[in-house]
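The primary structure of each chain is shown beneath.
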Amino acid sequence: MLIEATEIPDVKILHPVKHGDERGYFSEVYATRYLEHPVFVQDNLAFSAAPGTLRGLHFQQPPMAQDKLITALRGAILDVAVDIRRGSPTYGRHVAVELRADRLTQLLVPAGFAHGYCTLEPDTLVHYKVSNFYSPADDRGIRWDDPALGIVWPFEAGACQLSAKDQVQPLLSEITSPFLAAN
């Protein structure tokens, strides 16, 4: 497993190694020996039929905050993590990474980041491991198209499919983040 740092050091790109032959391949996509801190308690699958399906930007507030490990199992996504840790030198900045099923590349998004993605291909299946259980009472978000974030999504706003919830999330400037940067 190759672990790559991003512009925001706490967000990591994981590159599992494929061992293949004429039959196909084998790959170790998760092992605790590669990731020291997150202990994942739940696995989630999200299927999106149409390209341009946008989910996010979501986070859970403490005490139910989640680390996430995201993988595209079929198709491809543009995966985005936004730093919402108050006092962080990268507060309000984001990392955007294309995750493709044929590459098995993964993104590790720690608690303290809002997370979202947009599907790039039809019939995309996304798997993500989370370090805490989903809690509707602690579910929060920020607007996917907040101009202050500067995220370049692969589709125009009118071409994206969004949930009703994601259409009305507040701007980052309209929330008080429950996360503080570690000193």
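Check the entry above for the structure.
Below, the structure is looked at part by part. The structure presented is a predicted model; accordingly, all values stated were derived computationally and were not measured.

## Let's talk about the packing of aromatic side chains
Two numbers describe a pair of aromatic rings. These are the distance of the centres and the angle of the planes.
Phase 1: Summed over all chains, the structure comprises two aromatic pairs.
Phase 2: Ring geometry for F59 and F179: centres 6.0 Å apart, planes at 70°, overall edge-to-face. Of this pair, F59 sits in strand β6 (residues 54-60) while F179 is found in strand β15 (residues 179-180), placing the two residues 120 residues apart along the sequence. Each member of the pair, F59 as well as F179, is classed as buried.

## Examining the sheet that holds strand β1 (residues 2-5)
Phase 1: Spatial ordering of the open sheet is given by β1-β2-β11-β7-β13-β5, a layout of six strands whose pairing is antiparallel. Strands at the two margins of the open sheet, each flanked by one partner only, are β1 and β5 (42-48). In this sheet, neighbouring strand axes are inclined to one another by 25° on average, regardless of whether the strands run parallel or antiparallel.
Phase 2: Pairing analysis gives six bridges linking strand β7 (residues 68-74) to strand β13 (residues 124-130), with the strands arranged antiparallel. Paired with T71 across the two strands is H127, which belongs to β13.

## Quick notes on the layout of surface pockets
Phase 1: Computed from the structure, the largest pocket encloses a volume of approximately 390 Å³.
Phase 2: Lining of the largest pocket is provided by 22 residues; of these, H58, K68, Y128, Y134 and K165 occupy positions nearest its centre.
Phase 3: Of all the secondary structure elements, the ones that give two or more residues to the lining of the largest pocket are β5, β6, β12 (113-119), β13 and α1 (164-167).
Phase 4: Top contributing element to the lining of the largest pocket by residue count: β6, with six residues.
Phase 5: In terms of residue class, the lining of the largest pocket is made up of seven nonpolar, ten polar and five charged.

## Considerations on a nonpolar patch on the surface
Phase 1: Together, V39, V41 and F133 make up a nonpolar patch on the protein surface, roughly 280 Å² of accessible area in all.
Phase 2: Its location among the elements puts V39 in the loop between β4 (24-27) and β5.

## Quick look at the nonpolar core
One recurring pattern in soluble globular proteins is that nonpolar side chains are buried together.
Phase 1: L57, V82, I84, I142 and W153 are the most contacted members of the largest nonpolar core, which has 19 residues in total.
Phase 2: At the level of elements, β6, β8 (76-83) and β12 are the ones that each hand at least two residues to this core.
Phase 3: Sequence-distant contacts of I84, defined by excluding residues within four places in its chain, comprise F59, Y91, G112, F113, A114, I142, L172, S177 and F179.
Phase 4: Ranked by size, the runner-up nonpolar core spans 18 residues in total, among them I8, I13, L99 and Y117.

## Considering the sheet that holds strand β14 (residues 139-141)
Phase 1: Read across the sheet, five strands follow the order β10-β8-β12-β6-β14 without closing on themselves; strand pairing throughout is antiparallel. At either margin of the open sheet sits one strand with a lone partner, and together these are β10 (94-100) and β14. For this sheet the average axis-to-axis angle between neighbouring strands, irrespective of direction, equals 30°.
Phase 2: Relative to β12, β8 runs antiparallel, the two sharing seven bridges. Each bridged residue has a counterpart across the sheet, and for I77 the counterpart in β12 is T119.

## Here's the deal with the pattern of salt bridges
Phase 1: The tally for this structure, following the rule as stated, stands at nine salt bridges.
Phase 2: Here K129 and D43 are joined by a salt bridge, their closest N and O atoms 3.1 Å apart. You can see K129 sitting in strand β13 and its partner D43 sitting in strand β5, a full 86 residues away along the chain.
Phase 3: Its relative accessible area of 14% is what places K129 among the buried residues.
Phase 4: Residue classification places D43 among the partly exposed positions, given a relative accessible area of 46%.

Thresholds, definitions, all that
Residues numbered from 1 in each chain as written. Predicted model: local features only at pLDDT ≥ 70, side-chain atom pairs only at ≥ 80, totals over all residues. Heavy atoms only, no water. Phe/Tyr/Trp six-rings, centres within 6.5 Å; stacked < 30°, edge-to-face > 60°. Helix = DSSP H or I, 4+ residues; strand = E, 2+ residues; numbered from the N terminus. Buried < 20%, exposed > 50% of the residue type's maximum accessible area, 1.4 Å probe, protein only. Pairing = 2+ DSSP bridges. Axes fitted to C-alpha atoms, helices over the stretch in contact; angles between N-to-C directions. 1 Å grid on protein atoms, 1.4 Å probe; cavity = no way out; pocket = protein on both sides within 12 Å on 5 of 7 lines; lining within 4 Å. Points joined across faces, edges and corners; volume = space filled by probe spheres on them. Nonpolar A, V, L, I, M, F, W, Y, C, P; charged D, E, K, R; others polar. Patch = residues over 30% accessible without salt bridge, like charges linked within 9 Å, V, L, I, M, F, W, Y side chains within 5 Å. Areas by Shrake-Rupley, 256 points an atom, 1.4 Å probe, with all protein chains shown as cover. Salt bridge = Lys/Arg side-chain N within 4 Å of Asp/Glu carboxyl O. Core = buried A, V, L, I, M, F, W, Y, C linked by side-chain atoms within 4.5 Å. Contact = heavy atoms within 4.5 Å.

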